[in-house]
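Inside the fold
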Amino acid sequence: MQFLHALSLTVTFLGCFCIYRASPNQRWASAPWPAGPARAAGIVLLAFGGWGCLRVYSAVAAVFVFCTALMLFFCLIPYLGALVGLRRSDTHEAR
């Protein structure tokens, strides 16, 4: 059960990451991913993440865990992108 829990949270994170990378305002790279395929992959990954939460928890707990993970990941990913951008600019200035 712990493996499925970790897997569903990982898949949920990857789904949020795909949707974020499809945004034109993303900060992970200079160009966003193609919007259609990245968003479709993100939705599929989020569906698998939600299904995994339903397999591990009761229905109420699964909805709570899934929604809390969505809030966390959608808020955390832009900050991680900014951190990656800062590290990238620091390495270019050091050279």
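Here the structure is a predicted model, which means the values were calculated and not measured.

1. Side note on the nonpolar core
Listed in full, the 12 residues of the largest apolar core are Cys 16, Phe 17, Tyr 20, Leu 46, Cys 53, Ala 62, Val 65, Phe 66, Ala 69, Leu 70, Phe 73 and Ile 77. Listing elements by their share of this core, those giving two or more residues are helix H1 (2–21), helix H2 (35–56) and helix H3 (59–94). The element that contributes the greatest number of residues to this core is H3, accounting for seven residues.

2. Overview of the packing of aromatic side chains
Overall, the coordinates contain four aromatic pairs when judged by the stated rule. Ring plane angle 85 degrees and centroid distance 5.2 Å describe the contact between Phe 13 and Phe 73, whose orientation is recorded as edge-to-face. Of this pair, Phe 13 sits in helix H1 while Phe 73 sits in helix H3, and the two are 60 residues apart along the sequence. Between Phe 17 and Trp 33, the ring centres sit 5.7 Å apart and the planes meet at 85 degrees, which makes this aromatic pair edge-to-face.

Quick notes on the rules
- Residues numbered from 1 in each chain as written.
- Predicted model: local features only at pLDDT ≥ 70, side-chain atom pairs only at ≥ 80, totals over all residues.
- Heavy atoms only, no water.
- Core = buried A, V, L, I, M, F, W, Y, C linked by side-chain atoms within 4.5 Å.
- Buried < 20%, exposed > 50% of the residue type's maximum accessible area, 1.4 Å probe, protein only.
- Helix = DSSP H or I, 4+ residues; strand = E, 2+ residues; numbered from the N terminus.
- Phe/Tyr/Trp six-rings, centres within 6.5 Å; stacked < 30°, edge-to-face > 60°.

Shape is all these values report; function is a separate question.
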